[in-house]
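Architecture and fold: a report
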Amino acid sequence: DVIIEVRIEGEIMPDIEREKMFDEIYKSNKIKGMLVVVNSPGGAAGASELLYWQIKKIGSKMPVAIFVEDLAASGGYMAAIAGHKIFAMRTSVVGSIGIRGFAKFDLTGLIKKYDVSYEEYASSEYKTAGSNFHKTTEKERVYMQETLMQGYEVFKSMVGEERKLKGKQLEQVANAKVFFGDKALEYKLID
């Protein structure tokens, strides 16, 4: 019987090999517990949520402890909350509960200055929202912000459910701020 250590480091992106590894851990009869060492600033929202569900699935079969080495922020923290307990040092950085999704350059001035023509075709008015080649309309800005907020609400509700936080307690940490270990413990983001 063994306890396995898994490391989640760097930017979280889709990873077929990691998925296979977690599947093997789940299927193993020899592995009786898992320690996940997290050192990640986050990454892609979908990949972070998938990682959360993979850890959660293993946690349905065996104890899972999370250790925040230096950083569990954004998607790194989303993965961390899947464990049964989260441990960190006083100098570990935890949190950043929020979503950053859309960024764009406005190249319209450059295009005009150099007399470059550009045509864009789309099936609907929102298909080109966020394009670098036209100024963002207020309608597109509202649409992109609403879309981002949908993802944020999912993340926030996951944290609330997993860490047993609600109301003002949840609001004081679900604002994209990061916290050092002592403060994260005080705010119940870690154990």
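Residues numbered from 1 in each chain as written. Predicted model: local features only at pLDDT ≥ 70, side-chain atom pairs only at ≥ 80, totals over all residues. Heavy atoms only, no water.

**Overview of the pattern of salt bridges**
Two side chains with opposite charge may pair up if their charged atoms get near one another. Inclusion rule: One speaks of a salt bridge when a side-chain nitrogen belonging to Lys or Arg is within 4 Å of a carboxyl oxygen belonging to Asp or Glu. Whether a residue is buried, partly exposed or exposed follows from its accessible area with a 1.4 Å probe, protein chains only, as a fraction of its type maximum: under 20%, in between, or over 50%, in that order. Runs of E in the DSSP output that reach at least two residues are strands. Runs of H or I that reach at least four are helices, and both are numbered from the N terminus.
Under the definition given, this model contains 11 salt bridges. Across the salt bridge formed by Glu 5 and Arg 7, the nearest N and O atoms sit 3.6 Å from each other. Judged by relative accessible area, which is 49%, Glu 5 ranks as partly exposed. A relative accessible area of 37% means that Arg 7 is categorised as partly exposed. Note that Lys 27 and Asp 23 form a salt bridge whose closest N and O atoms lie 3.0 Å from each other. Here Lys 27 and its partner Asp 23 are both found in helix α1 (residues 16-27), 4 residues apart, which amounts to about one turn of the helix. Residue classification places Lys 27 among the exposed positions, given a relative accessible area of 57%.

**Looking at the nonpolar core**
A general trend in soluble globular proteins is that nonpolar side chains are found buried together. Operational definition: Here, nonpolar core refers to any group of buried Ala, Val, Leu, Ile, Met, Phe, Trp, Tyr and Cys residues whose side-chain atoms link them within 4.5 Å. We call two residues contacting when some pair of their heavy atoms lies within 4.5 Å.
In this structure, Phe 22, Met 34, Ile 55, Tyr 77, Val 159 and Leu 189 are the most contacted members of the largest nonpolar core, which totals 41 residues. Secondary structure elements with two or more residues in this core: β1 (2-9), α1, β2 (31-40), α2 (45-59), β3 (64-73), α3 (75-80) and α5 (138-163). Broken down by element, the residue count for this core peaks at 5 residues, all from α2. Apart from the residues lying within four places of it in its own chain, the contact partners of Phe 22 are Val 6, Ile 8, Met 34, Leu 51, Gln 54, Ile 55 and Ile 58.

**Considering the layout of surface pockets**
Here is the rule we go by: Of the two site types, the cavity is a set of points on a 1 Å grid over the protein atoms alone where a 1.4 Å probe fits but cannot get out, and the pocket is an open set with protein on both sides within 12 Å along at least five of seven lines, each lined by residues with an atom within 4 Å of a point. Grid points are joined across faces, edges and corners, and a volume is the space filled by probe spheres set on the points. Ten residue types, Ala, Val, Leu, Ile, Met, Phe, Trp, Tyr, Cys and Pro, are classed as nonpolar, four, Asp, Glu, Lys and Arg, as charged, and the remainder, Gly among them, as polar.
Put simply, the largest pocket is a space of about 370 Å³. Contributions of two or more residues to the lining of the largest pocket are made by α2 and α3. The class makeup of the residues in the lining of the largest pocket is 7 nonpolar, 8 polar and 2 charged. The space that makes up the second largest pocket amounts to roughly 210 Å³. Every residue lining the second largest pocket is listed: Gly 101, Phe 102, Ala 103, Lys 104, Ala 129, Gly 130, Thr 136, Arg 141, Met 144, Gln 145 and Leu 148.

**Overview of α2**
Quick note on the threshold: Take the number of residues in a helix, subtract one, and multiply by 1.5 Å to get its expected span. The arc in question is the one traced by the directions running from the helix axis out to the C-beta atoms.
With 15 residues, α2 should reach 21 Å at 1.5 Å per residue; the first-to-last C-alpha distance of 21 Å fits that figure. Taken together, the buried positions of α2 are occupied by Ala 47, Ser 48, Leu 51, Tyr 52, Gln 54, Ile 55, Ile 58 and Gly 59. Angular distribution of buried residues about the axis of α2 spans 165 degrees; they occupy a single face of the element. Elements that come into contact with the buried residues of α2 comprise β1, α1, β2, β3, α3 and α5.

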